[in-house]
Amino acid sequence: MILVLFTASYPYDYAAEQTFLEEEVRILAGKFERAILVPRYRRGSKFPLPDGVETDESYAGLFAASRLSIGKALRSAFSSCFWRDLAARPAILTHPSALARLAGFLQNARLTQKWVEAWFSRQALPPQDVIFYTYWFDETAMGIGMAKRNIPEIRVVSRAHGYDLYEERHDFPYWPCRRAAISLTDCIFPDSEAGLKYLQAKYPQFESKYRTGLLGIASPGFKSSSSTDGAFRIVSCSRLVPVKRVRLLLEGILQAAARKKELRFYWTHFGEGDERERLREDAARNFPPNARADFPGYESQRTLFEFYRDNPVDVFVNVSASEGTPVAVMEAVSCGIPVIATAVGGNVEIVSSRNGILLSANPSPDEIASALLEMCEDREENAQKREASLQVWREKYNAPVNFTNFADALIQIRRKRLR
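Residues numbered from 1 in each chain as written. Predicted model: local features only at pLDDT ≥ 70, side-chain atom pairs only at ≥ 80, totals over all residues. Heavy atoms only, no water.

1. Looking at the pairing of strand 1 (residues 2-7)
Put simply, the rule reads: Residue burial is assigned from relative accessible area. The probe radius is 1.4 Å, only protein chains are included, and a residue is buried under 20% of its type maximum, exposed over 50%, and partly exposed in between. Only DSSP runs of H or I with at least four residues qualify as helices, and only runs of E with at least two residues qualify as strands; both kinds are numbered from the N terminus onward. Only strands that DSSP links by at least two bridges are regarded as paired with each other.
Within strand 1, six of the six residues are buried, leaving the element largely enclosed by the surrounding structure. Side chains of strand 1 alternate between two faces, with I2, V4 and F6 and L3, L5 and T7 buried alike. Looking at chain direction, strand 1 and strand 2 (residues 34-39) are connected through six bridges and run parallel. Across the sheet, the residue bridging to F6 is V38, located in strand 2. Where strand 1 lies against strand 4 (residues 130-134), five bridges are found, and the strand directions are parallel. Within strand 4, the residue paired with V4 across the bridge is F132.

The following block contains the structure:
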């Protein structure tokens, strides 16, 4: 049996998927005769691959050579999906960005269909021996499903996370051709129970196609320590983009430090983005003398774990406006670090009073400050939360367990359809 996994860029680091996919690919490769990675973009540095894993870069070449033009956009009008979406959401016509997304989505889906059909011709493989898996639930999944018109034995599954799942995260709350894409996909694996419930509520007619597919982190092999010098150390880790609301966290730490002047607050944020230098400058300018911030960027999961191993960390904080199941929070609990997080998406499945504090979905800086002060004032309870975080990882986010179960599910889907 052959697995064909579509990614944004992995094994290239352009889309920073290595944090999510490295361990999963290693485990999947052990369950299939062949595992083939198909990135959409071949940019950045290329990671070495586990034994038994191949890369097919012809899909990236097809996308690199394609450009959305007026002519191609007009051809979208000949698609039934185009007219169905306009009929269901006439407001698309008054939102040029949404209309452009619809046209681009359909063009990319057709490109994917073309690639899949050509791939089978080149490979001379029976479709019954192949399962397609898209890491993101986007036009790639739709295009593979469209190829079933000519190759009905095709089977395709997809994960679904955050931006590719929650339509409300987009400026115009809409995702092109969603019903059509779901109908053409054999199984969709949202990475959280919250994502599963979202799909069930929004598209209940396809409920039999949904299964939760939790992600996971391999054991780092150590347990992080807490501060013993009277300071309180905070870590966060995310891309510096608006949905992560890192500036809101900065304001919350500022308020906590102002309310408890006798305590030293050290905050380290791991992540890249255009706001990095501005956040660094704002923290240096506005933090009181008892607070300090550091923005070292992000190099790799390995260096993040080295920091967790070699430095005390008292709490990990995530104040995102929307989440799937955040890998950064899974990384923290795998090291036994308590967590403060907003009650959005998969956060509510990882964080509770058992191992941290769950904030409201849209907390104020004052609410964040109060949670930080609550965490630092009871060190005995903090120690209990540390052990509970580690237990949450063991119970729900152990990579070998979750990814092995996922691989078995893919094999069952392919075999079931062979009968």
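2. Things to note about the pattern of salt bridges
Filter applied, for reference: The term salt bridge refers to a side-chain nitrogen of Lys or Arg lying within 4 Å of a carboxyl oxygen of Asp or Glu.
One pass over the full model with this rule turns up 26 salt bridges. The residue D282 makes a salt bridge to R247 at a minimum N-O spacing of 2.5 Å. Separated by 35 residues along the polypeptide, D282 in helix 10 (residues 276-286) and R247 in helix 9 (residues 246-259) bring together distant segments of the chain. When the shortest N-O distance is used, the salt bridge between E395 and R354 registers 3.0 Å. Highlighted residues: E395 in helix 15 (residues 379-396) and R354 in the loop between helix 13 (347-350) and strand 12 (356-359), separated in sequence by 41 residues.

3. Describing a negative patch on the surface
How we decide: A patch is a set of surface residues, each over 30% in relative accessible area and not in a salt bridge, joined within 9 Å for like charges and within 5 Å for the nonpolar side chains Val, Leu, Ile, Met, Phe, Trp and Tyr. A 1.4 Å probe and the Shrake-Rupley method give the accessible areas. Residues count as covered only by the protein chains that appear here. Under the convention used here, Asp and Glu are negative, Lys and Arg are positive, and both His and the chain ends fall outside the count. All charge positions are set by atom: Lys at NZ, Arg at CZ, Asp at CG, Glu at CD.
The grouping of E374, E377, D378 and E380 at the surface amounts to a negative patch. Tracing the backbone shows D378 in the loop between helix 14 (365-377) and helix 15.

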